[in-house]
Amino acid sequence: MNRVSHRFTCEALPSPDRRAFFTYTATAAAAGVAAAAGMPVDPVRAATATPAPTADQRKFMAEATRLAIESVEKGWGGPFGAVIVNDGEIIGRGQNRVLLTGCPVHHAEVTAIMDASAKLNPKGLLGTDYSSGTMLEMIPREPGSPDPVPMRARMLKGCDIYINGAPCPMCMGAIYWSRIDRVFFGNSLKDTSAIGFDDAFQYEDFKKPWGERRIPVAENFERDTTLKSFKAWMDKEDRHPY
């Protein structure tokens, strides 16, 4: 396990490198999916063109679509399904089960990530040495990455995700945290909005300052108290960045 012994220092503002890293990832997520919705985006950050799908890729998207239809037919949730692929094999499946569970975050991408994680990791990791082969194995950041941390847990690095519809901002965030390499989705945000699931406005809302968003947000609320939790993390010598 990597051991880091830096002590925590409260700064008036976050590190510029850290701001740049999370600004880059959030903007890239918004631009890539918004492009498919016909929303205006910076062409430099627009989603890259996808070559003609292979037979295997068609199979993966067909499975994601099957899972979505199953969710509808069984009354489990909305028409959304996802699969996670590694080395040409499906290692995680997920489908929207919001109506089955009553939980608003039970989306296809999230459940696929949870399914893949359960299959790739032993049952218990806490207190272990995070041995090679688990998702928590440490790997170095890629050359040119704006990530301020030199090493992070592998997570689902090396995997792709296939989704029958464009991911909502929550699911796109989960994909980033999972370190999934590539995203393939079928139906656009416009298609999704047309059947009553409107995620596009959330991407637009995220571009605004905290005080201008649709949901009232109290920024820096009791910051002196909440910084204690960050100090606890930075003071932990054997912390494990992920």
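Tallying secondary structure elements over the protein chain gives eight helices and six strands in all. Sequence-ordered secondary structure for the protein chain, helices as α and strands as β, is α-α-β-β-α-α-β-β-β-α-β-α-α-α. In the protein chain, which comprises 242 residues, the share counted as buried stands at 36%. In the protein chain, of all internal contacts separated by at least 6 residues, the share reaching a separation of at least 24 is 53%. As presented, the protein chain carries roughly 14,700 Å² of accessible surface, and 57% of it is formed by carbon and sulfur atoms.

The next subject is the sheet that holds strand 6 (residues 182-187). As summarised here, the arrangement of the four strands in space is 2-1-5-6, forming an open sheet in which the pairing is mixed. For this open sheet the edge positions go to strand 2 (89-95) and strand 6, each flanked by a neighbour on one side alone. Averaged over all pairs of adjacent strands, the angle between strand axes in this sheet comes to 15°, irrespective of strand direction.

In this section: helix 2 (residues 55-73). Given a rise of 1.5 Å per residue, 19 residues ought to cover 27 Å, and the 27 Å separating the end C-alpha atoms of helix 2 matches this to within 8%. For helix 2, the full list of buried residues reads Q57, F60, E63, A64, L67, A68, E70 and S71. Down the axis of helix 2, the buried set is contained in an arc of 165°. They therefore lie on one face. More than 90 degrees from the buried face of helix 2, the exposed residues found are A55, R58 and E73. Elements that come into contact with the buried residues of helix 2 comprise strand 1 (81-86), strand 2, strand 5 (160-165) and strand 6. Following helix 2 by one or two positions, G75 has its phi on the positive side, about 75°.

This paragraph deals with the nonpolar core. Residues A82, I84, L156, I161, I175 and I180 are the most contacted members of the largest nonpolar core, which totals 23 residues. Elements represented by at least two residues in this core include exactly strand 1, helix 4 (108-120), strand 5, helix 5 (169-178) and helix 7 (200-206). The biggest single contributor to this core is helix 4, with four residues. Those residues in contact with L156 that lie beyond four places of it in its chain are I84, I113, A116, L120, M135, S178, R179 and I180. Grouped together as the second largest cluster of nonpolar side chains are six residues, F60, L67, V85 and F184 included.

Below, the discussion takes up the environment of G78. The topology assignment puts G78 in the loop between helix 2 and strand 1. By relative accessible area, G78 is classed as buried at 9%. Separated by 20 residues in sequence, G78 and V98 have C-alpha atoms that sit 7.5 Å apart. The contact partners of G78, leaving out residues within four places of it in the chain, are A68, S71, V72, N96 and F197.

Pairing between side chains of opposite charge can happen when the charged atoms of each approach one another. Evaluation of the coordinates by the stated rule reveals 13 salt bridges. Taking the shortest distance from any N to any O, the salt bridge between E137 and R154 comes out at 3.5 Å. Linking E137 in the loop between helix 4 and strand 3 (138-140) with R154 in the loop between strand 4 (151-153) and strand 5, this pair joins segments that are 17 residues apart in sequence. The structure contains a network of salt bridges with shared partners spanning E63, R66 and R93.

Space left empty within the atom packing is revealed by a probe, the size of a water molecule, rolled over the atoms. Space inside the second largest pocket adds up to approximately 230 Å³. Considering the residues around the second largest pocket, the lining is formed by 19 residues, among which F80, N96, H107, F197 and D199 are closest to the centre. For the lining of the second largest pocket, the elements supplying multiple residues, two or more each, are helix 4 and strand 5. A breakdown of the residues in the lining of the second largest pocket according to their chemical character gives 10 nonpolar, six polar and three charged.

About the cut-offs
Residues numbered from 1 in each chain as written. Predicted model: local features only at pLDDT ≥ 70, side-chain atom pairs only at ≥ 80, totals over all residues. Heavy atoms only, no water. Helix = DSSP H or I, 4+ residues; strand = E, 2+ residues; numbered from the N terminus. Buried < 20%, exposed > 50% of the residue type's maximum accessible area, 1.4 Å probe, protein only. Contact = heavy atoms within 4.5 Å. Areas by Shrake-Rupley, 256 points an atom, 1.4 Å probe, with all protein chains shown as cover. Pairing = 2+ DSSP bridges. Axes fitted to C-alpha atoms, helices over the stretch in contact; angles between N-to-C directions. Expected span 1.5 Å × (residues − 1). Arc of directions from axis to C-beta. Core = buried A, V, L, I, M, F, W, Y, C linked by side-chain atoms within 4.5 Å. Salt bridge = Lys/Arg side-chain N within 4 Å of Asp/Glu carboxyl O. 1 Å grid on protein atoms, 1.4 Å probe; cavity = no way out; pocket = protein on both sides within 12 Å on 5 of 7 lines; lining within 4 Å. Points joined across faces, edges and corners; volume = space filled by probe spheres on them. Nonpolar A, V, L, I, M, F, W, Y, C, P; charged D, E, K, R; others polar.

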